[in-house]
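# Coordinates in review
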Amino acid sequence: MANIPIYIILFIVGLIVGSFLNVVIYRVPRGLSLYKPVFSFCPQCKARIAFYDNIPVLSYIILKGKCRHCKSRISATYPSVELLTALLFVLNFYFFGLSLKLLISIIFVSALIAISVIDIQFRIIPNIITWPLTIVGLALNIVDKPGQWWMPLAFSAGAFVFMLIIHLLYPKGMGMGDVKLALMVGAFLVKAVIVALFGGFLVGSIYGVVLIAARKKNLKQAIPFGPFISLGSLIALYAGNIIINWYLGYF
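This write-up is about the structure you can find in this document. (Residues numbered from 1 in each chain as written. Predicted model: local features only at pLDDT ≥ 70, side-chain atom pairs only at ≥ 80, totals over all residues. Heavy atoms only, no water.)

### A word on the packing of aromatic side chains
Scanning the model with the defined rule gives twelve aromatic pairs in all. Here F108 and F188 contribute two aromatic rings whose centre-to-centre distance is 4.9 Å and whose plane-to-plane angle is 20 degrees, an arrangement assigned as stacked. With F108 in helix α4 (residues 100–122) and F188 in helix α7 (residues 176–189), the pair connects residues that are 80 residues apart, well separated along the chain. On the basis of relative accessible area, F108 is assigned to the buried category, the value being 0%. Residue F188 is classed as buried on the basis of its relative accessible area of 1%. Taking 6.1 Å as the distance between ring centres and 45 degrees as the angle between the ring planes, the aromatic pair formed by F225 and F228 counts as tilted. Like F225, the residue F228 is buried in the burial classification. Chaining the aromatic ring pairs together yields one cluster made of F162, F201, Y207, F225 and F228. (Phe/Tyr/Trp six-rings, centres within 6.5 Å; stacked < 30°, edge-to-face > 60°. Helix = DSSP H or I, 4+ residues; strand = E, 2+ residues; numbered from the N terminus. Buried < 20%, exposed > 50% of the residue type's maximum accessible area, 1.4 Å probe, protein only.)

Written out as structure tokens, the structure reads:
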């Protein structure tokens, strides 16, 4: 009961951060500035969106998913990103409490959300997200456990090399964006990156088989892999150590 105010605060902060992530998702792949213009605008009519029409989730409901000016349909991706971000922020506090690990996980899941949506919509994973956040992840984990400073570097590099080999062997199925994403994931998850990549490949394979069985895809059609790495990363973030210890228990 004592933590309820913290959950509420984190949920609200998550909605606000999710709103900013929507700006990142829209502007970064299009080469637009995140700061100019400062205000949000309708993608269709370019009209400035007033602050009261830009309240996360609530404004979408009030406006019935339409622009106030041109009445064009607003993508459901916007409130979905806001809600997902808020829920993951709450989940992070549940697992990590008030700690440096909470900050690390909040930054990490925010990056994963933006990367996943961009990859789904544009089939790219922007370097402007993965490179800086790799440095952030490494720095935060080294500060968190300075006595094991080498581990984030080792696992991040290992994940990069592993995915690079797959890219070189099968470039049509694994892009360099996925390779750089693995580098970032290793920086944040350290040894749990093993679970993240395994989980990503497993879920991605199942998804691919289902689509092929439903005849919606064939073996020559590309599927964005970033969202699967992100999903595997979430599994690893919350249960990675448990899964690793369970696996090692058999040996």
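Having seen the structure, we can now continue with the description.
### As for the nonpolar core
Across soluble globular proteins, you tend to see nonpolar side chains buried next to one another. Core analysis: the largest hydrophobic core is formed by 49 residues, its most contacted members being F108, M163, L181, M184, V185 and L189. Counting residues per element, the ones that place at least two in this core are α1 (4–27), α3 (77–96), α4, α5 (127–144), α6 (150–169), α7, α8 (193–213) and α9 (226–248). Top contributing element to this core by residue count: α4, with twelve residues. The contact partners of L189, leaving out residues within four places of it in the chain, are F108, A196, S233, A236 and L237. (Core = buried A, V, L, I, M, F, W, Y, C linked by side-chain atoms within 4.5 Å. Contact = heavy atoms within 4.5 Å.)

### Comments concerning unusual backbone geometry
Peptide bonds are trans in most cases, and residues, glycine excluded, mostly fall at negative phi. In this structure, K64 takes a positive phi of about 55 degrees despite not being glycine. Locating K64 in the fold gives a position in the loop between α2 (58–62) and α3. Take K64: its relative accessible area is 66%, and that puts it in the exposed class. The phi dihedral of K71 is positive, around 65 degrees, even though this residue is not glycine. Tracing the sequence through the fold places K71 in the loop between α2 and α3.

### So, the packing of α7 against α9
Helix packing for two helices is described by the angle between their axes and how far apart those axes are. Contact geometry for α7 and α9: axes closest at 11 Å, N-to-C directions at 10 degrees. Relative to α9, the element α7 is oriented roughly parallel. For the pair α7 and α9, the contacting residues are D178, L181, V185 and L189 in the first and G226, I229, S233, A236 and L237 in the second. Its residues assigned to classes, the contact of α7 with α9 shows six nonpolar, two polar and one charged. (Axes fitted to C-alpha atoms, helices over the stretch in contact; angles between N-to-C directions. Parallel < 35°, antiparallel > 145°, perpendicular 65-115°, else oblique. Nonpolar A, V, L, I, M, F, W, Y, C, P; charged D, E, K, R; others polar.)

### Regarding the side chain of R27
Along the chain, the position of R27 falls in helix α1. Lacking a salt bridge, the buried R27 has E82 as its closest oppositely charged neighbour, with an N-O distance of 13 Å. A polar contact of 2.9 Å, which involves the side chain of R27, links it to the backbone oxygen of S33. (Lys, Arg positive; Asp, Glu negative; His and termini not counted. Salt bridge = Lys/Arg side-chain N within 4 Å of Asp/Glu carboxyl O. Polar contact = N/O pair within 3.5 Å; in protein donor to acceptor, adjacent residues only side chain to side chain.)

### Digging into α3
Look at α3: 28 Å from first C-alpha to last across 20 residues, which is about the 28 Å you get at 1.5 Å a residue. Contacts made by the buried residues of α3 are with α1, α2, α4 and α9. (Expected span 1.5 Å × (residues − 1).)

### With respect to a positive patch on the surface
There is a patch of like positive charges on the surface, built from K64, K66, K71 and R73. Position of K66 relative to the elements: it lies in the loop between α2 and α3. (Patch = residues over 30% accessible without salt bridge, like charges linked within 9 Å, V, L, I, M, F, W, Y side chains within 5 Å. Areas by Shrake-Rupley, 256 points an atom, 1.4 Å probe, with all protein chains shown as cover. Charge placed at Lys NZ, Arg CZ, Asp CG, Glu CD.)

### Topic: the state of the cysteines
Here the structure, examined in full by the defined rule, presents zero disulfides. Distance from the sulfur of C42, which forms no disulfide, to the nearest cysteine sulfur (C45) is 3.7 Å. Assessed through its relative accessible area of 4%, C42 is described here as buried. Residue C67 stays outside any disulfide, its sulfur separated by 3.7 Å from that of C70, the closest cysteine. For C67, a relative accessible area of 8% gives the class buried. (Disulfide = S-S within 2.5 Å.)

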